[in-house]
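# A closer look at the structure
Each chain, letter by letter, is given below.
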Amino acid sequence: MENKKLVFSGVQPTGNLHLGNYLGALKNFVSLQKEMECIYCVVDLHAITIFQNPKHLHNNVLETTASFIATGLDPNKSIIFNQSSVSGHAELAWILNCVSRIGWLNRMTQFKDKAGSDKEKASVGLYIYPNLMASDILLYKATHVPVGADQKQHLELSRDIAQKFNKDFNCKDFFPLPEPLISKKISRVMSLRDGTKKMSKSEESDYSRINLQDTADEINKKIKKAKSDSNSIPGEIKSLEKKPEALNLITIYSELTQSSLEKTISEMAGKEYSYLKKRLAEALIDEIAPVGKEIKKLLEDKSHLKNILKKGTEKASIIAEENLKNIREKVGLI
Ligand code: TRP
């Protein structure tokens, strides 16, 4: 049987969403919502694999929800909720922990990066994080998963887990194999200070990123200070690739103006970087500043945000419970 198309994605509530999250994920979520059924989840259980101050976590869940709504996700169209409020995520994760293999997890490069040099001290949760991610997706039998390039390996693991479950429990096609939707044009927005590193909320300098809640003034300052190059803008992509910061600025600009990279490069060729920066700051202020204002406004009414999550939880639970019933049965649990 063909499974109907269903999109699932998750965003960690670690606070301070930035332009990378916006262009790499949120904007894509909004356009998918027009074509397919979508479930968007604030993955609080993933966040606590690294210790979170409880008060901050609470606020960050609401802030991430506000960012979803402010960028245009519609809670009447898409299901928007937080992961921990549907206990099936944790329950299925346990079952999948028993399907997934230690050897598979040992290959996950993100764990190696996040755990750093002292792996013995990382939480067990951080190690099995990809199994929980598989659970998020499979709990709803999602078919399409918009993610950044850094999550591709986790998604492949989800497919392996789905496949092994289907085989072990002799239920071909029970879990669809989820497909990644990775934006080709802009899968990574890079740091404004170092074009070889991803824009990240954990980079120390706030000048490395544009936060969704930055004011027009802050955006202007950050773009002015962004690393570029002293020469004028080259006309071919080959030369730009040697200047990752400059390429990053042009890529962001082309994405915001919905123009192809090639077209943007030919438009900018021979001009000074100050010209590009001026245009880029304008485009960012046009698009990001209103989103930031809306996030702040939404955060003034926390009960409204909690209500949105509650309604989403109700809708998600119906699908989750139905699927879990069948999953338990397949495994032989009474
Ligand atoms: N691991 C993802 C990230 O950090 C977030 C995530 C959790 C997710 N569960 C998911 C993404 C399920 C897609 C589908 O970006």
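Cut-offs applied
- The numbering scheme is per chain: residues are counted from 1 as the chain's sequence reads.
- In keeping with the model being predicted, local features are shown solely for residues with a pLDDT of at least 70 and side-chain atom pairs are shown and tallied solely at 80 or more, while totals for entire chains, interfaces and linings include all residues.
- Only hydrogens and water are removed before side-chain values are computed, so all heavy atoms of the structure are retained for them.
- Numbering of helices and strands runs from the N terminus, with a helix taken as a DSSP run of H or I at least four residues long and a strand as a DSSP run of E at least two residues long.
- For a compact globule the rule gives 2.2 Å times the number of residues to the power 0.38, and the radius of gyration it is set against comes from C-alpha atoms.
- Burial status follows relative accessibility: with a 1.4 Å probe on protein chains alone, a residue under 20% of its type maximum counts as buried, one over 50% as exposed, and anything between as partly exposed.
- Pairs of residues are marked as contacts when any of their non-hydrogen atoms sit within 4.5 Å.
- Where accessible areas are quoted, they stem from the Shrake-Rupley method and a 1.4 Å probe; at the residue level, only the protein chains shown are allowed to cover.
- By the counting rule applied here, Lys and Arg register as positive and Asp and Glu as negative, while His and the ends of each chain are not counted.
- Throughout, a charge is located at the NZ atom of Lys, the CZ atom of Arg, the CG atom of Asp or the CD atom of Glu.
- Domain start and stop points were drawn from an automatic or database domain assignment.
- Reported buried area values correspond to the accessible surface (1.4 Å probe) lost by two parts on association, with both partners' losses combined.
- A pairing counts as a salt bridge when a side-chain nitrogen of Lys or Arg comes within 4 Å of a carboxyl oxygen of Asp or Glu.
- Polar contact is the term for a pair of N or O atoms within 3.5 Å; when the atoms are in protein, one must be able to donate a hydrogen and the other to accept it, and sequence-neighboring residues count only if both atoms are side-chain atoms.
- Each residue receives one of three labels: charged for Asp, Glu, Lys and Arg, nonpolar for Ala, Val, Leu, Ile, Met, Phe, Trp, Tyr, Cys and Pro, and polar for the others, Gly being one of them.
- Residues belong to one nonpolar core when they are buried, are Ala, Val, Leu, Ile, Met, Phe, Trp, Tyr or Cys, and are joined through side-chain atoms within 4.5 Å.
- Each axis is a line fitted through C-alpha atoms, taken for helices only over the stretch in contact, and angles between the N-to-C directions span 0 to 180 degrees.
- Put simply, angles under 35 degrees are roughly parallel, angles over 145 are roughly antiparallel, angles from 65 to 115 are roughly perpendicular, and the rest are oblique.
- The crossing is said to be left-handed when, going from far helix to near helix, the turn is anticlockwise and less than a right angle, and right-handed when the turn is clockwise.
- Here, strands pair whenever DSSP counts at least two bridges between them.
- Stacked, edge-to-face and tilted labels apply to pairs of Phe, Tyr and Trp rings (six-membered ring for Trp) whose centres lie within 6.5 Å, assigned for plane angles under 30 degrees, over 60, and everything in between, in that order.
- When we say a residue is near a molecule or strand, we mean one of its heavy atoms is within 4 Å of it.
- Criterion for a disulfide: a pair of cysteine sulfur atoms within 2.5 Å.
- Here a helix's expected span is defined as the number of its residues, less one, multiplied by 1.5 Å.

Attention now moves to the overall build of the chain. When its secondary structure is counted, the chain shows 14 helices and 5 strands. What you see for the chain is a C-alpha radius of gyration of 21 Å, in line with the 20 Å of a compact globule of 334 residues. Evaluated residue by residue, the chain yields a buried proportion of 50% over its 334 residues. For the chain, contacts bridging at least 24 residues in sequence account for 76% of all contacts bridging at least 6. As displayed, the chain has an accessible area near 16500 Å², and 51% of this comes from carbon and sulfur atoms. In the chain, which carries 50 positive and 42 negative side-chain charges, the distance between the mean positions of the two groups comes to 1 Å.

Once that is clear, we can look at the domain arrangement of the chain. According to the domain assignment, the chain contains domain 1 (6-187 + 302-331) and domain 2 (206-297). Here domain 1 and domain 2 have C-alpha centroids that lie 30 Å from each other. Contacts between the two partners involve 15 residues from domain 1, matched on the other side by 18 residues from domain 2. Summing the contributions of domain 1 and of domain 2, the shared interface buries around 1500 Å²; its carbon and sulfur component is 65%. Joining domain 1 to domain 2, the criterion identifies 1 salt bridge. Here Glu-287 and Lys-27 are joined by a salt bridge, their closest N and O atoms 3.0 Å apart. Summed over the shared surface of domain 1 and domain 2, the number is 5 residue pairs in polar contact (both at pLDDT 80 or more). Those elements that place two or more of their residues in the side of domain 1 that touches domain 2 are helix H1 (19-33) and helix H3 (54-71). Of the residues belonging to the side of domain 1 that touches domain 2, the class tally is 8 nonpolar, 4 polar and 3 charged.

Turning next to the nonpolar core. Soluble globular proteins: nonpolar side chains tend toward being buried together. The biggest cluster of nonpolar side chains holds 59 residues, and the ones touching the most others in it are Leu-19 and Leu-284. Here this core gets 11 residues from one element, more than from any other, and that element is helix H13 (residues 273-299). Residue contributions to this core reach at least three from each of two domains, namely domain 1 (6-187 + 302-331) and domain 2 (206-297). With 39 residues, the next largest nonpolar core counts Ile-95, Ala-115, Leu-138 and Ile-161 among its residues.

The subject of this paragraph is the packing of H1 against H3. H3 packs onto H1 with a crossing angle of 60° between their chain directions and a minimal axis gap of 9 Å. Looking at the two axes, H1 sits oblique to H3. Considering the relative orientation of H1 and H3, their crossing is right-handed. Facing Tyr-22, Leu-26 and Val-30 of H1, the residues of H3 in contact are Ser-67, Phe-68 and Thr-71. Considering only residue class, the contact of H1 with H3 consists of 4 nonpolar, 2 polar and no charged.

Let us now look at the pairing of strand E3 (residues 79-82). Covered by surrounding structure in E3 are Ile-79 and Phe-81 together with Ile-80 and Asn-82, the residues of both alternating faces. Of the pairings in the sheet, the one linking strand E2 (residues 37-42) to E3 comprises 4 bridges and is parallel in character. Residue pairing for E3: Val-42 is matched across the bridge by Asn-82.

Attention shifts here to the packing of aromatic side chains. Summed over the entire model, instances satisfying the criterion amount to 9 aromatic pairs. Arranged with centres 5.5 Å apart and planes meeting at 15°, the rings of Phe-8 and Tyr-140 form a pair that is stacked. Taken together, the positions of Phe-8 in strand E1 (residues 6-11) and Tyr-140 in the loop between helix H7 (124-139) and strand E4 (144-146) put the pair 132 residues apart, joining distant regions of the chain. The pair formed by Phe-8 and Tyr-140 is uniform in burial state, with each residue classed as buried.

Let us now look at the site of the ligand. Of all residues adjacent to the ligand, which total 13 residues, the nearest are Gln-12, Tyr-129, Met-133, Asp-136 and Gln-151. Contacts to the ligand include Gln-12, whose side-chain N or O atom sits 3.3 Å from an oxygen atom. Taking Tyr-129, its side chain carries an N or O atom lying 2.7 Å from a nitrogen atom of the ligand. Relative to its unbound accessible surface of 360 Å², the ligand loses 89% to contact with the protein. Those elements that place two or more of their residues in the shell around the ligand are E1 and H7. In terms of residues, the shell around the ligand owes the most to one element, H7, which gives 4 residues.

Among covalent bonds in proteins, the disulfide is the one between the sulfur atoms of two cysteines. Going through the model one piece at a time under the given rule, you end up with 0 disulfides. Free cysteine Cys-171: the closest other cysteine sulfur is in Cys-98, separated by 16 Å.

Attention now moves to H3. Relative to the 26 Å expected for 18 residues at 1.5 Å per residue, H3 spans 26 Å between its end C-alpha atoms, a close match to the ideal helical length. H3 sits mainly inside the fold: 13 of its 18 residues count as buried. With a side-chain oxygen lying 2.9 Å from the backbone nitrogen of Lys-55, the N-terminal cap of H3 falls on Asn-53. Two residues or fewer past H3, Gly-72 is found with a positive phi of approximately 120°.

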